[in-house]
Amino acid sequence: MKILVLGHSVLDHISAGESFRFQPGGIFYTTLALSTLKQTGDEFDLCTGIETDVLTHFELAFGHFSMHHCQTVARIPRVHLTIFADAERCERFENLDVKLEIPFGELNDYDALFINMISGFELDLADLQKIREEFKGVIYFDVHSLSRGLGNGMVRELRLIPGFTDWAAQLDIVQANENEVFTLSAKTDVREIARELLDAGLKTLIITKGAEGAELYFLENDTLQMLAEPALKTEVINKVGCGDVFGAYYFYTFLKTKDRSYSLRIAAAAGSMITQFDSFDKYSTLLNEIHERYD
């Protein structure tokens, strides 16, 4: 299976209570998660911005990817994240990058495309429409920071995404968290939002809900269907990257099995389990831990 992953690389400066840490972020989490799933015969390619001076921070994940579609830039974005126990995190960006250089002419070399809108500036609607015209495979789209406007001081706040049904019409699977989903439509009921996007042409809407797990919406015989999967109970020491890991595990598992319910269960487990990891090295155990629980 051949996969192309698109999204900005960033350096995260994370504040949570009295603690502070600096670490690789952005598409790093998606690629790190996918690297734990890679099987013989798989080929993973990456399209992101690379800053030579800090590339060593990303090598644990990027080392499993071909990087011939990456672009060298002077500085990748910096993100200042403030994590709260009971509220949506606050994001402030520095050095937002330009759009990624998408390899349009080579897209049909791939079976599937994973787009994670880390900064929200990776591509625009016209780019996505061109991708859909060129590419016949599965497109997975994590809304992420597309849901956030750019305010004073480069603070990112949730806003209604203009015309998101036009985006949805180009996509197969959309992922948003429980706050981001309300930026996809002017409607205020989740089921109505799901129906609107699915009627526009989307195949699957996934809503991640933190400690409450995840919901998945799709149409069957023109009837709205919903699957729900609870999160695992864990001792939470980390809240960063959980949605990215969830998305990577759902994406890969669904491509292999075409089973929405099973893929949702595996993804929810993966997103839950990393909340108890205190280092990136522990990701190497993630797949085995999931197998031990469910096999």
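Computed from a predicted structure; not experimentally measured. (Residues numbered from 1 in each chain as written. Predicted model: local features only at pLDDT ≥ 70, side-chain atom pairs only at ≥ 80, totals over all residues. Heavy atoms only, no water.)

Here the structure, examined in full by the defined rule, presents 16 aromatic pairs. A ring pair is formed by Phe28 and Phe280, whose centres lie 4.9 Å apart and whose planes are at 65 degrees; its orientation type is edge-to-face. Of the two residues, Phe28 is situated in helix H1 (residues 27-35) and Phe280 in the loop between helix H7 (260-273) and helix H8 (286-294); the sequence distance between them amounts to 252 residues. For Phe28, a relative accessible area of 0% corresponds to the buried category. Residue classification places Phe280 among the partly exposed residues on the basis of a relative accessible area of 21%. Positioned above the aromatic ring of Tyr110 is the side chain of Lys2, whose terminal nitrogen or guanidinium carbon lies 5.0 Å from the ring centre. The ring of Phe218 is capped by Arg260, whose NZ or CZ atom sits 4.2 Å from the centre of that ring. (Phe/Tyr/Trp six-rings, centres within 6.5 Å; stacked < 30°, edge-to-face > 60°. Helix = DSSP H or I, 4+ residues; strand = E, 2+ residues; numbered from the N terminus. Buried < 20%, exposed > 50% of the residue type's maximum accessible area, 1.4 Å probe, protein only. Lys NZ or Arg CZ within 6 Å of the ring centre and 35° of its normal.)

The next thing to look at is H7. If you check H7, its first and last C-alpha atoms are 20 Å apart, about what 14 residues at 1.5 Å a residue would give, namely 20 Å. The buried count for H7 comes to 10 of 14 residues, which makes it a mostly enclosed element. Turning to H7, its buried residues number three or more, namely Ser263, Leu264, Ile266, Ala267, Ala268, Ala269, Ala270, Gly271, Ser272 and Met273. Each element contacted by the buried residues of H7 is listed here: strand E15 (214-220), strand E16 (223-229), helix H6 (242-257) and H8. Its side-chain oxygen at 3.1 Å from the backbone nitrogen of Ser261, Asp259 defines the N-terminal cap of H7. (Expected span 1.5 Å × (residues − 1). Contact = heavy atoms within 4.5 Å. Polar contact = N/O pair within 3.5 Å; in protein donor to acceptor, adjacent residues only side chain to side chain.)

We now examine the pattern of salt bridges. For the coordinates displayed, the defined rule picks out 12 salt bridges. Among the salt bridges present, the one from Lys99 reaches Asp124, with a minimum N-O distance of 3.2 Å. In this pair, Lys99 sits in the loop between strand E8 (90-94) and strand E9 (112-116) while Asp124 sits in the loop between E9 and helix H3 (125-134), placing the two residues 25 residues apart along the sequence. Residue classification places Asp124 among the partly exposed residues on the basis of a relative accessible area of 31%. (Salt bridge = Lys/Arg side-chain N within 4 Å of Asp/Glu carboxyl O.)

A separate point is the packing of H7 against H8. Between H7 and H8, the least distance of the axes is 10 Å, while the angle of their chain directions is 125 degrees. By the criterion of interaxial angle, the relationship of H7 to H8 is oblique. As for how H7 packs across H8, the hand of that crossing is right-handed. Contact residues: H7 offers Arg265, Ile266, Ala269, Ala270 and Met273, while H8 offers Leu286, Glu289, Ile290, Arg293 and Tyr294. The residue inventory of the contact of H7 with H8, partitioned by class, reads seven nonpolar, no polar and three charged. (Axes fitted to C-alpha atoms, helices over the stretch in contact; angles between N-to-C directions. Parallel < 35°, antiparallel > 145°, perpendicular 65-115°, else oblique. Left-handed = near helix turned anticlockwise from the far one by under 90°. Nonpolar A, V, L, I, M, F, W, Y, C, P; charged D, E, K, R; others polar.)

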